[in-house]
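Here is how the chains run, residue by residue.
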Amino acid sequence: MTKYKLEYIWLDGYTPVPNLRGKTQIKEFSEFPKLEELPLWGFDGSSTMQAEGRSSDCVLKPVAVYPDPARTNGVLVMCEVMMPDGVTPHASNARATILDDENAWFGFEQEYFFYKNGRPLGFPESGYPAPQGPYYTGVGFSNVGSIARQIVEEHLDLCLAAGINHEGINAEVAKGQWEFQIFGKGSKKAADQIWMARYLLQRLCEKYEIDIEWHCKPLGDTDWNGSGMHCNFSTAYMREVGGKEYFEQLMAAFEKNLEAHIAVYGPDNHLRLTGKHETAPWNKFSYGVADRGASIRVPHSFVNNGYKGYLEDRRPNSQGCPYQIASQVLKTISEVPLGAQVSAAA
Ligand code: ADP
Ligand code: MN
Ligand code: MN
Ligand code: MN
C-alpha cells in the first residue's frame, strides 16, 4: 500500500467569480487511485460563502482525477460541491447541470496577467512601459522579462505530466500578459482541465511571489489589451456534415441568444468588448472569415472545407466559467434542428 496525498479542489461560493480552494487528505491505495475509489469529503462552507454559520458542512464529490506532478504520490482531485445529503448539487455548483456531449470539442485560450506589487509583471513602479507592439509572441528580456518564461514552461510541464491537454503558450499583447490553450472532448472534460490548469498556475506562482490577475480588463480604459478566453468549438455534425446552410442557421441562433451568451461569458465584459483591440462590441453579434474583430471568427479552413470544422467565439473572457460557457454554446447549437446532437448531463 502507498500513502497518497489527495488534494481535493473545488470552487467556492464567491460571486461573480468563484475562487479555487483545496485541502489535502492522506489515504492508502495499492496503486494510483481511480475516481470511483475516492471518497466523498467535507469542508466548512461558512468559510467559503457556501453556508451559514450553523449547519455549515458541505460535501466534496470527486469528479475528475489527475496525477499531481509537484508532489510525491500526489493526486489532484477535482470536486463538485454538494449539499450535506451528498447528492443534491450546491447552489454554487455550476458543473452539475451543464449540457455535455463527448463529441463536442472545446479549445479554450486562457489569457491572464502576471501581477507583482499590484501591477503587471515588468511594469515600472509608476507610469507605463513602452507601448504594446513587441510583447505579443515576443522574445528577449526587455519584452518578456526574466521570470515569466520560466513560469509558463514549468506550468506547461506540470499540466502535461498531470495529463491535462495543454496545447500551447504564447506571450500576449500587453506586457506581463500570457496565454495558454487547453483542448478537451466534452464540455466537462475541457472545463475541468481549464480549472485544473488555472489551479496549477496559481499554485506554481506562490513560490515566485507572483499572482495571476484573471480580470478581463485590469488596466481599465487604456490602450492596454484585456484578457479573453476564446472558446473554439465543434460538434460531430459541424466537423463531419456542416455546410453553409447549417452554418448560417447556427449563426442566427447565436445572434438570437446574444444575451444568454454574454451573461455567462465573464463579468465586466463590457469593459473589454468595446470594439477596440481586436474585440467586437459586446452588444452586437457579428461573424466573419478570419475576422479577429468579430464575435465569432470563422477560420479559413472552415470555409475551405465546405463550412466544416470548428468556430471561435472570441467573446468569453479570462474570468468566465468554462462550464457555463461550454454549456451555453451547446444550448444554442441544440436549438438548430439540423445537427442538434446535444445530450443533457445526468
Ligand atoms: P488563435 O489564433 O485564436 O490565437 P490558438 O492557436 O490560440 O488560436 O487556439 C486555437 C484553439 O482551437 C486551440 O485551443 C485548439 O485546441 C482549438 N481547436 C482546434 N481544432 C478544434 C476543433 N476541431 N474543435 C474545437 N477546438 C479546436
Ligand atoms: Mn490564441
Ligand atoms: Mn490570445
Ligand atoms: Mn483566439
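Predicted model only: the values in this text are computed from it and were never measured. (Residues numbered from 1 in each chain as written. Chains lettered and ligands numbered in written order. Predicted model: local features only at pLDDT ≥ 70, side-chain atom pairs only at ≥ 80, totals over all residues. Heavy atoms only, no water.)

**Describing the packing of helix α3 (residues 187-206) against helix α9 (residues 322-334)**
Between α3 and α9, the shortest axis-to-axis distance is 8 Å and the interhelical angle comes to 155 degrees. As the angle between them shows, α3 and α9 are arranged roughly antiparallel. Regarding α3 and α9, the two cross each other, and that crossing is right-handed. Of the residues in α9, those in contact with Ser-187, Lys-188, Ala-191, Asp-192, Ile-194, Trp-195 and Arg-198 of α3 are Pro-322, Tyr-323, Ala-326 and Leu-330. Among the residues forming the contact of α3 with α9, the class breakdown is seven nonpolar, one polar and three charged. (Axes fitted to C-alpha atoms, helices over the stretch in contact; angles between N-to-C directions. Helix = DSSP H or I, 4+ residues; strand = E, 2+ residues; numbered from the N terminus. Parallel < 35°, antiparallel > 145°, perpendicular 65-115°, else oblique. Left-handed = near helix turned anticlockwise from the far one by under 90°. Contact = heavy atoms within 4.5 Å. Nonpolar A, V, L, I, M, F, W, Y, C, P; charged D, E, K, R; others polar.)

**A closer look at the domain arrangement of the chain**
Assigned domains of the chain: these are domain 1 (2-82) and domain 2 (105-345). Using C-alpha coordinates to define each centre, domain 1 is positioned 26 Å away from domain 2. Taken together, the contact between domain 1 and domain 2 spans 16 residues of the former and 16 residues of the latter. Taking both sides of the interface into account, the surface hidden between domain 1 and domain 2 amounts to around 1400 Å²; carbon and sulfur atoms contribute 75%. Arg-203 serves as the salt-bridge partner of Asp-68, at 2.8 Å between the closest nitrogen and oxygen. At the boundary of domain 1 with domain 2, the tally comes to two residue pairs in polar contact (both at pLDDT 80 or more). For the side of domain 1 that touches domain 2, the secondary structure elements donating two or more residues are β1 (2-11), β4 (57-68) and β5 (74-82). Among the elements that take part in the side of domain 1 that touches domain 2, β4 stands out by supplying four residues, more than any other. Each residue belonging to the side of domain 1 that touches domain 2 can be placed in one class, and the counts come to 14 nonpolar, no polar and two charged. (Domains from an automatic or database assignment. Buried area = accessible area lost by both parts, 1.4 Å probe. Salt bridge = Lys/Arg side-chain N within 4 Å of Asp/Glu carboxyl O. Polar contact = N/O pair within 3.5 Å; in protein donor to acceptor, adjacent residues only side chain to side chain.)

**Looking at the coordination of the manganese ion (ligand 2)**
Bound to the manganese ion (ligand 2) are the protein donor atoms Glu-109 (OE) and Glu-179 (OE), situated 2.2 Å from the metal. Between the manganese ion (ligand 2) and the manganese ion (ligand 3) the interatomic distance comes to 3.7 Å, and Glu-179 is a ligand of both metals. With Glu-109 in strand β7 (residues 105-116) and Glu-179 in strand β10 (residues 177-185), this pair connects stretches of sequence that are 70 residues apart. The two residues Glu-109 and Glu-179 agree in class, both being buried. (Donors = N, O, S within 2.8 Å, 3.2 Å for Na, K, Ca; no water. Buried < 20%, exposed > 50% of the residue type's maximum accessible area, 1.4 Å probe, protein only.)

**Notes on the sheet that holds β4**
Within the open sheet, the five strands sit side by side as β2-β1-β5-β4-β3. Their pairing is mixed. Every interior strand has two partners, whereas the edge strands, β2 (20-29) and β3 (41-44), have only one. Averaged over all pairs of adjacent strands, the angle between their axes in this sheet comes to 40 degrees, without regard to strand direction. (Pairing = 2+ DSSP bridges.)

**Digging into the coordination of the manganese ion (ligand 4)**
Reference values for coordination geometry: four tetrahedral donors around a metal ideally subtend 109.5 degrees, six octahedral donors ideally subtend 90 or 180 degrees. For the manganese ion (ligand 4), the full set of protein donor atoms is Glu-109 (OE), Glu-109 (OE), His-230 (ND1) and Glu-312 (OE), and the range of their distances to it is 1.9 to 2.4 Å. In the primary structure, the donors to the manganese ion (ligand 4) are separated according to the pattern E-x120-H-x81-E. A distance of 3.9 Å spans the gap from the manganese ion (ligand 4) to the manganese ion (ligand 2), which Glu-109 bridges by coordinating each metal. One end of the pair, His-230, is in strand β12 (residues 229-234); the other, Glu-312, is in strand β15 (residues 311-313), and 82 residues separate them in sequence. For the pair formed by His-230 and Glu-312, the shared burial category is buried.

**A closer look at unusual backbone geometry**
In this chain, Thr-15 is followed by Pro-16 through a cis amide linkage whose omega measures 0 degrees. Note on placement: Pro-16 falls in the loop between β1 and β2. In this structure, Thr-137 is a non-glycine residue whose phi angle is positive, near 55 degrees. As for its position among the elements, Thr-137 is in the loop between β8 (119-120) and α1 (141-144). Even without a glycine there, the phi angle at Glu-209 is positive, about 55 degrees. Following the sequence through the fold, Glu-209 ends up in the loop between α3 and β11 (211-213).

**Thoughts on the packing of helix α2 (residues 148-161) against α3**
Where α2 meets α3, the closest approach of the two axes is 10 Å, and the angle between their N-to-C directions is 135 degrees. Here α2 lies oblique to α3, going by the angle between them. Note on packing geometry: the crossing formed by α2 with α3 is right-handed. Between α2 and α3, the contacting residues are Ile-151, Glu-154, His-155, Leu-158 and Cys-159 on the first element and Ala-197, Leu-200, Leu-201, Leu-204 and Cys-205 on the second. Of the residues in the contact of α2 with α3, the class split is eight nonpolar, one polar and one charged.

**So, the side chain of His-261**
Its location among the elements puts His-261 in helix α6 (residues 258-264). Taking the relative accessible area as the measure of exposure, His-261 reaches 0% and is therefore buried. Only 2.7 Å separates the side chain of His-261 from the side chain of Tyr-265, close enough to count as a polar contact. Leave out the neighbours within four places in its chain, and His-261 touches Phe-254, Asp-313, Arg-315, Gln-328, Val-329 and Thr-332.

**Description of the packing of aromatic side chains**
By the definition in use, this model includes 22 aromatic pairs. With a centroid separation of 6.1 Å and 20 degrees between ring planes, the pair formed by Tyr-128 and Trp-224 is classed as stacked. Residue Tyr-128 is found in the loop between β8 and α1, and its partner Trp-224 is found in the loop between β11 and β12; the two are separated by 96 residues along the sequence. According to the relative accessible area criterion, Trp-224 is buried, its value standing at 7%. Between the aromatic rings of Phe-233 and Phe-254, the centroid separation amounts to 5.5 Å while the plane-to-plane angle is 20 degrees, which identifies the pairing as stacked. With a gap of 21 residues between them, Phe-233 in strand β12 and Phe-254 in helix α5 (residues 244-256) connect regions that are remote in the sequence. For Phe-233, a relative accessible area of 1% gives the class buried. Ring pairs connect the aromatic residues Phe-233, Phe-247, Phe-254, Phe-285, Tyr-287, Phe-302 and Tyr-307, which therefore count as one cluster. Note that Arg-198 overlies the ring of Trp-195, its terminal NZ or CZ placed 4.5 Å from the centroid. Across the ring face of Trp-105, the terminal group of Arg-239 is positioned such that the distance to the ring centre comes to 3.4 Å. (Phe/Tyr/Trp six-rings, centres within 6.5 Å; stacked < 30°, edge-to-face > 60°. Lys NZ or Arg CZ within 6 Å of the ring centre and 35° of its normal.)

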